[in-house]
Amino acid sequence: MRRRNWIIYIVMVLCTGLMITGCGTKVRSFKSQDKILVVTTIYPVYDFVSNIAGERAEIINLVPAGTEPHDFELSTGDMQLLEEADLFIYNGAGMEHFVDKTLNAVSNKELIAVEAAGTVKTLESGEKTDPHTWLSVQNAISESEVIKDTFIQIDAEHKEIYEKNFEDYKDRLETLDETYKEELSGLSRNTIVVAHEAFGYLCAAYGLKQNAVEGLTAESEPDSAKMKEIIDFCREEDIQVIFFEELVSPKVANAIAEEIGAETMVLNPIEGLTASQEEEGLDYISLMEENLEALKKALK
């Protein structure tokens, strides 16, 4: 995942004489050697775009490795990058709190903004929309299709490339989806205890239930009453694993696990990568496969 300096990109554009025209729904004419400059917000969207666009795009993700995206704020450099971009693709469903303000502030009239989760049926939790749409593999397919259609819209000359890339990626995602369904069926348990209420789409897709210590954004630590409620629930249900995530402190999960004699394990909402995961070349599918193994161990 790269965050190339936007100045370098502009120099390259000037040196090669790249000329991109058009806006909104107009089809742009990209020569074979030209790359479409795409800015994404969070890792899942970056990965979907990478699989669909392939070599046709230069993709820059705003949230760097190791950063919790709920806490992310755009810098002046990020705004300047959007002034040069062709596409701005974000997840939506309330995930990126900064999108509306950002789009109102950008003066780049040719920038096309796309909500990848725009076709997804969202889940509500209390008065909030759950933004973690990609944790249902079928939703990941839907988001990838929106991305594919966007690239075809602006770069129709290379339609076959985008369609083939999408079909290849869709096949891999459908295999992952079937594996989840097969391997999570028939287990002795179906309830997971998680630190962050991020797994509603995953649970809905695969017949599970989540009991979360904290809400959708993991903004604060639970009070003593909530801790007692979770501890009592874990004892009643004989919960053996408390899940936490790598980009958020495991302190609360560790405290609950110690109280009830359980172990802690990572269940990744795949909001972003750690630096080590980025170096290892892990991606959405491999991280979802790791999640599946963790779920099977917790629910056996």
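This one's a predicted model, so the numbers in the text were calculated from it and none came from an experiment.

Asker: Could you clarify how one ought to interpret the overall build of the protein in this entry?
Answerer: From N to C terminus, the protein includes eleven helices and ten strands. Within the protein, the fraction of its 300 residues that count as buried is 51%. Taking the intrachain contacts of the protein between residues at least 6 apart in sequence as the baseline, contacts between residues at least 24 apart amount to 68%. Counting every atom, the protein has about 14000 Å² of accessible surface; 48% of that belongs to carbon and sulfur.

Asker: Sorry, what's going on with the pairing of strand β2 (residues 57-61) here?
Answerer: Burial analysis of β2 places five of its five residues in the buried class, which makes it a mostly covered element. Of the two faces of β2, both are covered, the one formed by Ala57, Ile59 and Asn61 as well as the one formed by Glu58 and Ile60. Relative to β2, strand β1 (residues 36-40) is paired through five bridges, and the arrangement is parallel. Note that in β2 the partner of Ile36 across the bridge is Ala57. Between β1 and its parallel partner β2, the chain crosses via helix α2 (residues 43-53), and the hand of that crossover is right-handed.

Asker: Just to check I follow, could you spell out the confidence of the model for the protein for this structure?
Answerer: For residues with low pLDDT, the predicted coordinates do not support detailed interpretation. On average, residues of the protein carry a pLDDT of 88, and 88% of them reach 70 or more. Across residues 1-26, where pLDDT falls below 50, the model places 47 contacts with residues more than four positions away in sequence or in other chains.

Asker: How should the sheet that holds β1 be read in this particular structure?
Answerer: For sheets, the rule is that strands pair by backbone hydrogen bonds, running either parallel or antiparallel. In spatial order, the strands read β2-β1-β3-β4; together these four strands make up an open sheet with parallel pairing. Each of the sheet's edge strands pairs with one partner strand only, and the pair in question is β2 and β4 (112-115). On average, each strand axis in the sheet is tilted by 20° relative to the strand beside it, whichever way the strands run. The pairing of strand β3 (residues 87-90) with β4 spans four bridges and is parallel. Bridge assignment links Phe88 to a residue of β4, and that residue is Ala113. Strand contacts of helix α3 (residues 76-84): β1, β2 and β3, with the helix running at about 145° to β1, the strand carrying the most contacts. Packing against the sheet, helix α5 (residues 137-154) makes contact with β1, β2, β3 and β4, and its axis sits at approximately 170° to β3.

Asker: Looking at this structure, I do not really get the nonpolar core. What am I missing?
Answerer: Soluble globular proteins tend to pack their nonpolar side chains together in the buried interior. Counting residues in each nonpolar core, the largest one holds 75 residues, and the members touching the most others are Ile89, Phe151, Phe243 and Tyr284. Top element by residues in this core is helix α11 (residues 284-299). It accounts for nine residues. Excluding residues within four positions of it along the chain, Phe243 makes contact with Ile192, Val193, Val194, Ala195, Ala253, Met265, Val266, Leu267, Ala294, Leu295 and Ala298. If you look at the next biggest cluster of nonpolar residues, it comprises 16 residues, including Ile230, Ile239, Phe244 and Ile256.

Parameters and conventions
Residues numbered from 1 in each chain as written. Predicted model: local features only at pLDDT ≥ 70, side-chain atom pairs only at ≥ 80, totals over all residues. Heavy atoms only, no water. Helix = DSSP H or I, 4+ residues; strand = E, 2+ residues; numbered from the N terminus. Buried < 20%, exposed > 50% of the residue type's maximum accessible area, 1.4 Å probe, protein only. Contact = heavy atoms within 4.5 Å. Areas by Shrake-Rupley, 256 points an atom, 1.4 Å probe, with all protein chains shown as cover. Pairing = 2+ DSSP bridges. Right-handed = clockwise from strand over helix to strand, strands pointing away. pLDDT = per-residue confidence, 0-100. Axes fitted to C-alpha atoms, helices over the stretch in contact; angles between N-to-C directions. Core = buried A, V, L, I, M, F, W, Y, C linked by side-chain atoms within 4.5 Å.

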